[in-house]
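Below, each chain spelled out in residue letters.
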Amino acid sequence: MTSLASKVFGRVDTVCRHLPVFLNTFLVFSITGEVSYLVLLEADQQKTEWSGWWKAVHLLAQYFMLGNICWNALLFLQTSPSIRGVFLGGDGMGQGWRYCYTCETHTPPRCSHCYDCKVCVLRRDHHCVFFGQCVGFRNYRYFLSCLLFMWSGLLYATLMNAEVFIVILKEGVTLHSVMLLLIPWIMLVSGQVSPGAFAFAFIADTCVVGFLLVSAFFFFHIILMFRGQTTREWYSTRRPYNLGILGNLRHCLGVRWYLCWLCPLIPSPLPGDGIHFQLTGSLDPSR
């Protein structure tokens, strides 16, 4: 009985870990499909000599962003940030090293144990519940690039869905229009709107809410990168790993930091090894 319960719990835990990934994938492709439909619909309504070019440019921009989101997310999941396969011993152990009793090994500075991933992670930033994996030294570039294109894609989708909001509010701010924007599910279940109107309202709401959330995450991590800090180091008054903006960019995104954000396939080797970090001993006098 105990083994059966543990197996069931293990499967439920696996499903719960992967559920955010499936939901994010569904939302990303749903938003892309809806925006593509709006582009094609508007191009067909205009019927000018520029409508074909307008449609091609918009579709190219959409699928460029979608491709970067998917490819960066895939590489993020495939790139392990953990200490597995990394030699941590030798004469390099010094100040800042700690012993992890769970992994039964010494760990370098900025490394910490993740109880969700069940392993220590090099330069651990945080455990991302949306991907079900930790953000660390080796996969931070893909995480930040994915956030960049999610932010730009949601901004684009929100602007394209402005027409949806105009259509919903064209008769004024009524109880029906407000409820359709705020609680489209209830409007659908109660039979107040058609499935098509619900789909447009739900995706438009998702674009706005998603844009606000991703903006907060994205700009927070931009600030952290410029400061040479991780999420776990945010509250510290010391910034011993701050190498200046250009140095921090190189250590987070690699030597080709100015190009790697365009495509995840552009090689950009990281200058460090995730074990030893250059110290500056700088203090932030404003904090």
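Residues numbered from 1 in each chain as written. Predicted model: local features only at pLDDT ≥ 70, side-chain atom pairs only at ≥ 80, totals over all residues. Heavy atoms only, no water.

A. Up close: empty space enclosed by the protein. Scanning the model with the defined rule gives one cavity of 30 Å³ or more in all. Size it by volume and the largest cavity reaches roughly 120 Å³. Around the largest cavity, the lining residues are Arg110, Arg123, Phe137, Gly228, Tyr241, Leu243, Asn248, His251, Cys252, Phe277 and Gln278. Each residue belonging to the lining of the largest cavity can be placed in one class, and the counts come to five nonpolar, four polar and two charged. (1 Å grid on protein atoms, 1.4 Å probe; cavity = no way out; pocket = protein on both sides within 12 Å on 5 of 7 lines; lining within 4 Å. Points joined across faces, edges and corners; volume = space filled by probe spheres on them. Nonpolar A, V, L, I, M, F, W, Y, C, P; charged D, E, K, R; others polar.)

B. Looking closely at helix α3 (residues 140-160). Helix length check: α3, at 21 residues, gives a terminal C-alpha distance of 30 Å against a target of 30 Å (1.5 Å per residue), a fit within 8%. Counting buried positions over the 21 residues of α3 gives 16, a clear majority of the element. (Helix = DSSP H or I, 4+ residues; strand = E, 2+ residues; numbered from the N terminus. Expected span 1.5 Å × (residues − 1). Buried < 20%, exposed > 50% of the residue type's maximum accessible area, 1.4 Å probe, protein only.)

C. Region of the structure containing the packing of helix α7 (residues 195-227) against helix α8 (residues 244-253). Close contact between α7 and α8 brings their axes to 7 Å; oriented N to C, the two are set at 110°. In terms of axis orientation, α7 runs roughly perpendicular to α8. Together, Met225, Phe226 and Arg227 of α7 and Ile245, Asn248, Leu249, Cys252 and Leu253 of α8 make up the contact between the two elements. When its residues are assigned to classes, the contact of α7 with α8 shows six nonpolar, one polar and one charged. (Axes fitted to C-alpha atoms, helices over the stretch in contact; angles between N-to-C directions. Parallel < 35°, antiparallel > 145°, perpendicular 65-115°, else oblique. Contact = heavy atoms within 4.5 Å.)

D. Layout of the UniProt feature "transmembrane region" (unreviewed entry) in the chain. Within this structure's numbering, the places UniProt gives as "transmembrane region" (unreviewed entry) are residues 21-40, 60-77, 140-159 and 198-226. Helix makes up 100% of residues 21-40 and strand 0%, with an end-to-end C-alpha separation of 29 Å. Along residues 140-159, the helical share is 100% and the strand share 0%, with 29 Å between the first and last C-alpha atoms. (UniProt positions renumbered as here; feature names shortened; annotations may be inferred.)

E. Expanded view of the layout of surface pockets. Each pocket or cavity is described by its volume, and for the largest pocket that value is around 1000 Å³. Lining the largest pocket are 42 residues, with Asn24, Val28, Met150, Leu154 and Val214 positioned closest to its centre. Of all the secondary structure elements, the ones that give two or more residues to the lining of the largest pocket are α1 (2-46), α2 (51-78), β5 (126-128), α3 and α7. Residue composition of the lining of the largest pocket, by class: 31 nonpolar, eleven polar and no charged. Empty space within the second largest pocket amounts to approximately 430 Å³. Taken together, 18 residues form the lining of the second largest pocket, with Gly96, Pro109, Pro240, Tyr241 and Leu279 sitting closest to its centre. A class-by-class count of the residues in the lining of the second largest pocket yields six nonpolar, six polar and six charged.

F. Broad picture of the packing of α2 against α3. Direction vectors running N to C along α2 and α3 enclose 150°, while the axes themselves pass 8 Å from each other. When the interaxial angle is binned, α2 and α3 end up roughly antiparallel. Of the two elements, α2 crosses α3, and the hand of that crossing is left-handed. Packed against α2, whose contacting residues are Trp54, His58, Gln62, Phe64, Met65, Asn68, Ile69, Asn72, Ala73, Leu75 and Phe76, the element α3 presents Tyr142, Phe143, Ser145, Cys146, Phe149, Met150, Ser152, Gly153, Tyr156 and Met160 at the interface. (Left-handed = near helix turned anticlockwise from the far one by under 90°.)

G. Spatial organisation of the packing of aromatic side chains. What the rule picks out here adds up to 15 aromatic pairs. Taking 5.3 Å as the distance between ring centres and 70° as the angle between the ring planes, the aromatic pair formed by Phe220 and Trp234 counts as edge-to-face. Taken together, the residues Phe220 in helix α7 and Trp234 in the loop between α7 and β7 (238-239) connect sequence positions 14 residues apart. Judged by its relative accessible area of 25%, Phe220 falls in the partly exposed class. Residue classification places Trp234 among the partly exposed residues on the basis of a relative accessible area of 23%. One aromatic cluster is present, built from ring pairs that chain together Phe76, Phe131, Tyr140 and Phe143. Against the face of Phe277 rests Arg110, its NZ or CZ located 4.9 Å from the ring centre. Stacked on the ring of Tyr140, the Lys or Arg Arg123 has its end atom at 5.3 Å from the ring centre. (Phe/Tyr/Trp six-rings, centres within 6.5 Å; stacked < 30°, edge-to-face > 60°. Lys NZ or Arg CZ within 6 Å of the ring centre and 35° of its normal.)

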